[in-house]
Amino acid sequence: MKYDFLIVGAGLYGAVFARLATDAGKKCLVIEKRNHPGGNIYCENIDGINVHKYGAHIFHTSNEEVWEFVNRYVRFNRYTNCPVAKAPDGKMYNLPFNMNTFCKLWGVETPVEAEAKLEEQRREAKEKMAADGVAEPRNLEEQALTLIGRDVYELLIKHYTEKQWGRPCTELPAYIIRRLPVRLVFDNNYFNDLYQGIPEGGYNKLIDALLEGVEVRLDTDYLADRANFDSLAEHIIYTGPIDEYFDFKLGNLQWRTVRFETEKLENPNYQGNAVINYTAGDVPYTRIIEHKHFEMFGQAVYDNPLTVISREYSTEWTPGMEPYYPVNDSRNNELIEKYRELAEELKPRVFFGGRLGTYTYLDMDKVIAKVLADFKEIMA
Ligand code: FAD
Ligand code: UDP
């Protein structure tokens with residue numbers, strides 16, 4: 001056979017796999033159905049601004065091996081994600097919920113004062129649940145109220161979450177909000193991870209470095225010519241949608257998607273931050289991304305007289321749309337288990353990887369960690 005590995009998909013999973021295999025002396029062919037490599041981390045350059053075409057991406061990790069790996073290919077800038085929320089009361093609040101938020105909301109100045117206020121609000125929620133005979137939060141609303149109380153819930157959580165998930169908080173699982181950070185410090189850094197940043201020059205630099213010296217064919221759909229591609233390589237690494245690989249024979253897996261409305265403006269600084277969340281119910285979008293702030297700081301923001309913004313509308317997915325977030329309800333969880341069983345049977349000839357191939361929400365660092373582990377398994 002001509003190749004050791006046929007890699008379907010030039011996203012982060014496919015590109016990292018191709019790099020590892022090539023460096024190990026294996027011959028790889030990467031095929032990608034889009035007209036560009038990079039999958040969802042791909043950026044489109046508009047007037048000198050790297051626009052995150054498939055949604056804002058911030059690299060963050062505490063995994064030393066992954067951090068060391070990506071730093072072999074690119075340097076990372078000092079971007080730290082500090083989103084701000086425009087709330088239904090018309091005020092702007094810092095996220096994640098921290099002393100800046102509580103100070104603006106309640107006028108409290110110290111962690112002790114903030115904690116007392118939070119406790120008062122939590123107690124109210126717990127008493128209400130007890131009166132209803134409920135021991136554990138049954139849904140996202142009850143979970144949020146017992147974690148942070150009614151004021152923050154109504155201003156910053158309820159409507160945003162309902163827009164994002166397309167259903168009432170009382171019908172959403174509690175676990176979505178369980179990881180919500182509440183911090184009694186004046187620190188607006190959204191992530192807890194040790195390392196964070198955006199590749200200098202954008203994500204395409206990372207992808208290009210990973211794919212250097214690797215044969216890549218764009219505009220090439222594996223499923224349109226499967227038998228031919230299968231005949232080319234000993235192993236197939238498939239990072240497309242797993243249900244599509246099996247011709248949807250057990251049914252469609254469902255996703256949530258996001259619609260982006262991107263606009264170029266003649267204004268060097270539209271909103272003063274990369275991410276502003278809109279937490280009111282009567283604003284149809286969930287957030288506005290101003291892309292230049294991921295890579296331009298200080299005077300550099302003004303050196304480019306233009307800006308590019310994207311409004312994000314969270315949308316129910318129908319076949320043909322970009323699949324973004326897996327819907328982990330019981331129907332889909334059961335279905336993916338069945339598809340995983342089918343996939344297991346195809347090992348070691350075919351290996352399923354990445355977010356579409358495994359139907360899992362994975363941050364970029366988790367994808368890289370997974371490739372490092374999968375590659376070891378395949379080569380063992
Ligand atoms: P993909 O990037 O989807 O790549 C798969 C590739 O396979 C695609 O290019 C696709 O075109 C191709 N393909 C599919 N089928 C075929 C076929 N039949 N033939 C040929 N090619 C095919 N992670 C973070 O760490 N930080 C963030 O801030 C962050 N923000 C995100 C925001 C959004 C809206 C979303 C959806 C995800 C975000 N992520 C973030 C996660 C990140 O996007 C993923 O970790 C990463 O893109 C996964 O890479 P992948 O290679 O698995 O998938
Ligand atoms: N969330 C919220 N208000 C905000 C931001 C987040 O209520 O301003 C909630 C919302 O329920 C969301 C969850 O926190 O689903 C996780 O948000 P995050 O931004 O971490 O997730 P992402 O949008 O990146 O998937």
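Residues numbered from 1 in each chain as written. Chains lettered and ligands numbered in written order. Predicted model: local features only at pLDDT ≥ 70, side-chain atom pairs only at ≥ 80, totals over all residues. Heavy atoms only, no water.

### Looking at the pattern of salt bridges
Rule in force here: Salt bridges are identified by distance alone: a Lys or Arg side-chain nitrogen within 4 Å of an Asp or Glu carboxyl oxygen.
Under the criterion given, the structure shown has 25 salt bridges. Here Arg138 ties to Glu142 by a salt bridge, and the two come within 2.5 Å at their closest N and O atoms. What you see here is one network of salt bridges that share partners, running through Glu115, Glu119 and Arg122.

### Things to note about the pairing of strand β1 (residues 3–8)
Spelled out, the test is: Relative accessibility thresholds used throughout: buried, under 20% of the residue-type maximum; exposed, over 50%; partly exposed, between the two (1.4 Å probe, protein chains only). Under the scheme used here, helices are H or I runs from DSSP no shorter than 4 residues and strands are E runs no shorter than 2 residues, and both carry numbers assigned from the N terminus. Any two strands are treated as partners once DSSP identifies two or more bridges connecting them.
Counting buried residues along β1, five of its six residues qualify, which places the element largely inside the surrounding structure. Relative to strand β10 (residues 233–238), β1 is paired through five bridges, and the arrangement is parallel. Across the sheet, Phe5 pairs through a bridge with His235, a residue of β10. Bridge count between β1 and strand β2 (residues 28–31): four bridges; the pairing is parallel. When the bridges of β2 are listed, Val8 appears paired with Ile31.

### Quick look at the site of ligand 1
What counts, and what does not: One heavy atom suffices: a residue is near a molecule or strand as soon as one of its heavy atoms comes within 4 Å of it. Pairs of N or O atoms within 3.5 Å make up the polar contacts considered here, provided that, within protein, one atom can donate a hydrogen while the other can accept it, and that residues adjacent in sequence are counted only when both atoms are side-chain atoms. Note on areas: Shrake-Rupley with a 1.4 Å probe; residue coverage comes only from the protein chains shown. Under this grouping Gly is polar, as are all residues other than the nonpolar Ala, Val, Leu, Ile, Met, Phe, Trp, Tyr, Cys and Pro and the charged Asp, Glu, Lys and Arg.
In the region of ligand 1, 33 residues are neighbours, and Glu32, His57, Ile58, Leu362 and Met364 sit closest. Between ligand 1 and Glu32, the relevant distance is 2.7 Å, taken from an oxygen atom to a side-chain nitrogen or oxygen of the residue. Note that an oxygen atom of ligand 1 is positioned 2.9 Å from one of the backbone N or O atoms of Asn40. Notes on ligand 1: free accessible area 1,000 Å², of which the protein chains cover 97%. Counting only elements with at least two residues in the shell around ligand 1, the list comes to α1 (12–23), α13 (354–358) and α14 (364–379). In terms of residue count, α13 provides more of the shell around ligand 1 than any other element does, three residues in total. Here the shell around ligand 1 is composed, by residue class, of 18 nonpolar, nine polar and six charged.

### Topic: the nonpolar core
Here is the rule: In plain words, nonpolar cores are sets of buried Ala, Val, Leu, Ile, Met, Phe, Trp, Tyr and Cys residues tied together by side-chain atoms within 4.5 Å. By the convention used here, residues are in contact when the closest approach between their heavy atoms is within 4.5 Å.
Counting residues in hydrophobic clusters, the biggest one holds 45 residues, and the most contacted among them are Leu12, Phe17, Phe59, Phe294 and Ile368. Other than its neighbours up to four places away in sequence, Ile368 contacts Leu12, Val16, Phe59, Val66, Phe69 and Val70.

### Some remarks on the site of ligand 2
In the neighbourhood of ligand 2, 15 residues make up the surrounding shell, with Leu156, Thr161, Trp165, Tyr190 and Asn277 lying closest. One nitrogen or oxygen atom from the side chain of Thr161 is found 2.8 Å from an oxygen atom belonging to ligand 2. At 3.5 Å from an oxygen atom of ligand 2 is found a side-chain nitrogen or oxygen belonging to Gln164. Taken by itself ligand 2 offers 520 Å² of open surface, and the protein chains cover 87% of this. Mapped by element, the contributors of at least two residues to the shell around ligand 2 are α6 (150–165) and α7 (175–178). Here the element with the most residues in the shell around ligand 2 is α6; it accounts for six residues. A class-by-class count of the residues in the shell around ligand 2 yields 10 nonpolar, four polar and one charged.

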